[in-house]
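Here is what each chain is made of, one letter per residue.
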Amino acid sequence: MSILRIGRIELRVLDLKESVDYYTRFMGLTETGRDDNSVYLKAWDEYDHHSLVLTEADSPGVDHVAFKVRHAEDLEDLNQRINEWGLSTEWLAAGSRLAEGEALVTTLPTGHRCEFYHQIERIGIAVGNTNPEPWPDDLQGVGVQRFDHCLLVGNDLEGATRFFVEVLDFHQSERLITADGTMLATFLHCTNKAHDIAFLKGPDTKLHHVGFYVGTWDNVLKAADLQSRHGVRTELTPSRHGLTRGLTTYFFDPSGNRNEAYSGGTFPYYDDEVVTWTEDQAGKAIFFHGREMIETFGEVFT
Ligand SMILES: [Fe+2]
């Protein structure tokens, strides 16, 4: 298969103006366009027109996630594979959203809307791609480098894992299981990132968090400094995950959607064996230093 990466996520937010202010001035994303209901944003080290779409709604959460395929003709092939596996699909016409071509749409076994696309306008990275500087001069706030991954919540993690592995040719990097082998969390990648998408056992259609790559441990610390400085609600001060070995801090956007500033992490290959964490070590798996579950982590979903 030719899925390049998770390319975008659309979040529902309660107050569009307040949210745009947060994702630009605090997180450091750039607004690249807007239409009647939504604002489109990208990070400085991304080429495509947007990776985050914010849409005003009555409740927070995730509207959809979308994966970019390498070739336009991959979408037809993907459509057939998804249908043969037993999920229905539909097509979203080009131009339905700003700067986007057509998209193939399905619903994951966890109830989340998932899209696949190839065509999207290109803007380019903030430092240019000829003799580029390592980072731009005008970084704002956290200075997010790219949208990295998301953690979604749902019940059928076995089904979600099989769909991503069997249909989309993803590889499972890590998992958290109960004593009888039931999956409590599953981590899946189509790149060499520790995860492009992951799922946590819980109520269907929910969002756990959006992970933004910030490059270094120092930038994770800086993200937490800025949370305190600007009164952003923090859930986890800078720490490490056992799962993925990622360096992390968790906090919430103004609508209550959880964000993560993330760096480091493993660099898995497709022939690596799956790393297994057992439920009795779940605290250490998720919060490697504290080794105890933070109550809100397993309870606050949007
Ligand atoms: Fe994460």
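The structure displayed is predicted, hence computed values, not measured ones.

## Some remarks on empty space enclosed by the protein
Scanning all chains against the criterion turns up 1 cavity of 30 Å³ or more. By volume, the largest cavity amounts to about 130 Å³. Lining the largest cavity we find 16 residues, and of these L151, F187, H241, Y250 and F297 sit closest to its centre. Mapped by element, the contributors of at least two residues to the lining of the largest cavity are β9 (146-154), β11 (183-189) and β16 (258-264). Residue composition of the lining of the largest cavity, grouped by class: 10 nonpolar, 5 polar and 1 charged.

## Some thoughts on unusual backbone geometry
Positioned with a positive phi, D169 is a non-glycine residue whose angle comes to about 65°. Within the element layout of this structure, D169 appears in the loop between α3 (157-167) and β10 (171-177). One non-glycine residue with positive phi stands out, namely R291, at about 60°. With respect to the helices and strands, the residue R291 is situated in the segment after α5 (282-286). The exposure class of R291 is exposed, given its relative accessible area of 55%.

## As for the packing of aromatic side chains
Following the criterion strictly, the structure yields 15 aromatic pairs and no others. Both rings, one in Y23 and one in F212, keep their centres 6.4 Å apart while their planes meet at 55°; by these two values the pair is tilted. Of this pair, Y23 sits in helix α1 (residues 16-26) while F212 sits in strand β13 (residues 206-213), and the two are 189 residues apart along the sequence. Assigned by exposure class, Y23 and F212 land together as buried. Centroid distance Y250 to F297: 5.6 Å. Interplanar angle 50°. Geometry classified as tilted. Of the two residues, Y250 is situated in strand β15 (residues 246-252) and F297 in the segment after α5; the sequence distance between them amounts to 47 residues. Given a relative accessible area of 4%, F297 falls into the buried group.

## Concerning the pattern of salt bridges
A full pass over the atoms with the stated rule returns 15 salt bridges. The shortest N-O distance in the salt bridge between D48 and K68 comes to 2.9 Å. Residue D48 is located in the loop between β3 (38-42) and β4 (52-56), and its partner K68 is located in strand β5 (residues 61-69); the two are separated by 20 residues in the primary sequence. Each of the two residues, D48 as well as K68, counts as buried. We note a salt bridge from R122 to D48, for which the minimum N-O separation is 2.9 Å.

## What to know about the domain arrangement of the protein
Segmentation of the protein into domains returns domain 1 (3-117) and domain 2 (146-298). For domain 1 versus domain 2, the distance between C-alpha centres works out to 20 Å. Contacts between the two partners involve 39 residues from domain 1 and, on the opposite side, 44 residues from domain 2. Taking both sides of the interface into account, the surface hidden between domain 1 and domain 2 amounts to around 3,100 Å²; carbon and sulfur atoms contribute 73%. Among the residues domain 1 hides against domain 2, the three largest losses belong to F26, W85 and T110. Together they make up 21% of the total.

## A few points about the coordination of the iron ion
Protein-derived coordination of the iron ion comes from H149 (NE2), H209 (NE2) and E260 (OE), at a distance range of 2.0 to 2.1 Å. On the primary sequence, the residues serving as donors to the iron ion are separated as H-x59-H-x50-E. Note that H149 is positioned in strand β9 and H209 in strand β13, a separation of 60 residues in sequence.

## Brief notes about the nonpolar core
In this structure, I9, Y23, V65, F67, F116, F164 and I197 are the most contacted members of the largest nonpolar core, which totals 58 residues. Split by domain, this core shows at least three residues from each of two domains, domain 1 (3-117) and domain 2 (146-298). Aside from chain neighbours lying at most four places away, what touches F116 is I3, F67, L75, L78, I82, E102, A103, L104, T106 and L168. Counting residues in hydrophobic clusters, the runner-up holds 18 residues, among them V153, Y250, F297 and F301.

Rules used in this analysis
- Residues numbered from 1 in each chain as written.
- Predicted model: local features only at pLDDT ≥ 70, side-chain atom pairs only at ≥ 80, totals over all residues.
- Heavy atoms only, no water.
- 1 Å grid on protein atoms, 1.4 Å probe; cavity = no way out; pocket = protein on both sides within 12 Å on 5 of 7 lines; lining within 4 Å.
- Points joined across faces, edges and corners; volume = space filled by probe spheres on them.
- Helix = DSSP H or I, 4+ residues; strand = E, 2+ residues; numbered from the N terminus.
- Nonpolar A, V, L, I, M, F, W, Y, C, P; charged D, E, K, R; others polar.
- Buried < 20%, exposed > 50% of the residue type's maximum accessible area, 1.4 Å probe, protein only.
- Phe/Tyr/Trp six-rings, centres within 6.5 Å; stacked < 30°, edge-to-face > 60°.
- Salt bridge = Lys/Arg side-chain N within 4 Å of Asp/Glu carboxyl O.
- Domains from an automatic or database assignment.
- Contact = heavy atoms within 4.5 Å.
- Buried area = accessible area lost by both parts, 1.4 Å probe.
- Donors = N, O, S within 2.8 Å, 3.2 Å for Na, K, Ca; no water.
- Core = buried A, V, L, I, M, F, W, Y, C linked by side-chain atoms within 4.5 Å.

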